[in-house]
Amino acid sequence: MREPTQQEAACFIYDTMPTERNARLALEQLQAAGLEPVVDAEAKVPKPFALATVKIDKEPWRFKRLEYVALHDDTASENESDHASDHARDANVSQRAGRDAHQDDRAIDISSDDDHHHHREINVVAAATSNADPMFAPSQTLAIDLIAHIFIDNNIKGVSHYKFIDSNAVYHILSPYFKPGTLKNGSLRSWMGRSCRWGKAKTLLHCGQTKSGRHYNIVKKEYRDFKWTPCMEEFRQRILNMAFTHVTVGLVPNVPNSLSAAAKKKATELLAFRLRHKLLCQNVFATSPSGASGIDGNVLDLVQLLQKQHRKVRLVAIDLADQFDSIVQLKAFLTANSCLDEIVMDLGEQVDIYKRRDLKNDMKLVKLLHGRHPETT
């Protein structure tokens, strides 16, 4: 993750939109108080904070001063676009009408951080290479958390199934979440034991042969899409690189009404875990929270957050058609919330990214966004 600039750090500390004017005012306030924006010199994720200049001078090996780089202030142009007249909107649409026939060819590389391109859609397709390995970090804490979300305490109809499997099958279920060679049998036994999922072994007769294993409540595949490919890793890096200018929030889709209350709650929790862990969402909202943990509120709470937010917002969703009954409702939502910068659709091994400035004047693109969900890829 790249280090923030002085201006980005100052705006981050005061929780304001990262513009040149806000950065100048924030830096002036910090300097007047004898403070400077710094990061921890040894931190893997450089999160900025304000510290006294005297303290920095005394311990320069602990704190790192940040570089001064001018910010690109695009707030004015965005506001002008939001309040443009109907004539200007029509002119803008007519200028881009010639590109509508080439909509499928407007894919760009996700690794580009430039904010000057005006592509209607960023389609990130997973590369089918031999190096397309999941990128789950092989740490004990994360591994135990992952195991607890795959092997649950009680069987929940519609969300999990009760099955007798051996240790090789357990390894087969968990290994896709790790880089090849990083998941060791000794570590797996330790992690399963610490998460209280490694029960007493039993021997059963199966197809005329004895089989040693254990009974587990295993979450169904559709609710444990937690791993990410190199394509997803590029998107995650993009989120980290823009962490000081953008807030990433997630929206959990409705779970099937046929599920029981307990199943709805668990399914919502699993989808929230997916948005936080895989797509790095800072806040997660749901249409029907169902009392699930890991949910910060409903759609009304999301709207209130958007209205109060000073930084740009990236909204990550799995199925927007579930939240918005029509494209008209979706268009109204996009128009009303000017802090939205982009909408991201998680399609499993790839993501589609739509810029709000392109969605505002293109109902065809809004319709495409409304219809995107994992089953169509």
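Residues numbered from 1 in each chain as written. Predicted model: local features only at pLDDT ≥ 70, side-chain atom pairs only at ≥ 80, totals over all residues. Heavy atoms only, no water.

### Quick notes on the overall build of the protein chain
Here is the rule we go by: Secondary structure follows DSSP: runs of H or I at least 4 residues long count as helices, runs of E at least 2 residues long count as strands, and numbering of each begins at the N terminus. Burial classes follow relative accessibility: with a 1.4 Å probe on protein chains only, a residue under 20% of its type's maximum area counts as buried, one over 50% as exposed, and anything between as partly exposed. Pairs of residues are marked as contacts when any of their non-hydrogen atoms sit within 4.5 Å.
Check the secondary structure of the protein chain and you find 14 helices and 13 strands. In the protein chain, which comprises 377 residues, the proportion classed as buried is 44%. Long-range pairs, those at least 24 residues apart, make up 68% of the contacts in the protein chain between residues at least 6 apart in sequence.

### Description of the pattern of salt bridges
As a reminder of what qualifies: A side-chain nitrogen of Lys or Arg and a carboxyl oxygen of Asp or Glu constitute a salt bridge if their distance falls within 4 Å.
Summed over all chains, the structure comprises 16 salt bridges. A salt bridge links Arg62 to Glu59; the shortest N-O distance between them is 2.9 Å. Between Arg238 and Glu342 there is a salt bridge; the shortest N-O distance is 2.9 Å. Of the two residues, Arg238 is situated in helix 9 (residues 230–241) and Glu342 in strand 12 (residues 340–346); the sequence distance between them amounts to 104 residues.

### Details of the packing of helix 6 (residues 140–150) against helix 8 (residues 185–194)
The description of two packed helices rests on the angle between their axes and on the distance between the axes. Definition in use: Axes, fitted as lines to C-alpha atoms, cover a helix only where it is in contact. Angles between the N-to-C directions of the axes lie from 0 to 180 degrees. For any pair of crossing helices, the crossing counts as left-handed if the nearer helix is rotated counterclockwise from the farther one by less than a right angle, and right-handed if it is rotated clockwise.
Interhelical geometry of helix 6 versus helix 8 gives an angle of 65° and a closest axis separation of 9 Å. Crossing of helix 6 against helix 8: the hand is right-handed. Contacts from Gln140, Ala143, Ile144 and Ile147 of helix 6 reach helix 8 at Trp191, Met192 and Arg194.

### Comments concerning the confidence of the model for the protein chain
Put simply, the rule is: A residue's pLDDT is the predictor's confidence in that residue, given on a scale from 0 to 100.
On average, residues of the protein chain score 76 in pLDDT, and 79% of them reach the 70 mark or higher. In this model, residues 73–135 is a region of pLDDT below 50 whose contacts with residues beyond four sequence positions or in other chains number 103 contacts.

### Digging into the environment of Leu302
Looking at the element boundaries, Leu302 is found in helix 11 (residues 299–308). Taking the C-alpha atoms as reference points, Leu302 and Leu251, 51 residues apart in sequence, are found 8.6 Å from one another. Discounting chain neighbours no more than four positions away, the residues touching Leu302 are Val249, Leu251, Phe285 and Leu315.

### Looking at helix 10 (residues 261–277)
The test is simple: The span you would expect from a helix comes to 1.5 Å times its residue count less one.
When the terminal C-alpha atoms of helix 10 are compared, their 24 Å separation across 17 residues agrees well with the 24 Å that a helix rising 1.5 Å per residue should span. Counting buried positions along helix 10 gives twelve out of 17 residues, so the element sits mostly inside the fold. Taken as a whole, helix 10 has its buried residues at Ala263, Lys266, Ala267, Thr268, Glu269, Leu270, Leu271, Ala272, Phe273, Arg274, Leu275 and His277.

### Notes on the sheet that holds strand 2 (residues 49–52)
Note the threshold: DSSP-based pairing: two strands are paired if at least 2 bridges between them are found.
Read across the sheet, three strands follow the order 2-1-3 without closing on themselves; strand pairing throughout is antiparallel. With partners counted over all chains shown, the strands left at the sheet margins are strand 2 and strand 3 (63–65), one partner each. In this sheet, adjacent strand axes meet at a mean angle of 60° when their direction is disregarded. Pairing of strand 1 (residues 35–40) with strand 3 involves three bridges; the strand directions are antiparallel. Across the sheet, residue Val39 finds its bridge partner in strand 3, namely Lys64. Across the sheet, helix 1 (residues 6–14) is in contact with strand 1 and strand 2; its angle to strand 1 comes to roughly 100°.

### Considering the nonpolar core
Which entries qualify depends on this criterion: Residues enter a nonpolar core if they are buried and are Ala, Val, Leu, Ile, Met, Phe, Trp, Tyr or Cys, with the set joined through side-chain atoms within 4.5 Å.
Counting 48 residues, the largest nonpolar core has Ile150, Phe151 and Leu174 as the members making the most contacts within it. Per-element accounting of this core gives the leading share, seven residues, to helix 10. Formed by 25 residues, the second largest nonpolar core is a distinct cluster that contains Leu305, Leu334, Leu340 and Leu365.

### Quick word on helix 12 (residues 327–336)
Basically, it comes down to this: As used here, the arc belongs to the directions running from the helix axis to the C-beta atoms.
All of the buried residues in helix 12 are Leu330, Lys331, Phe333 and Leu334. Considered in projection along helix 12, the buried side chains sweep an arc of 160° and stay on one side of the axis. For helix 12, the exposed residues lying more than 90 degrees away from the buried face are Val328 and Ala336. Next to the buried residues of helix 12 lie helix 11, strand 11 (312–317), strand 12, helix 13 (356–359) and helix 14 (363–370).

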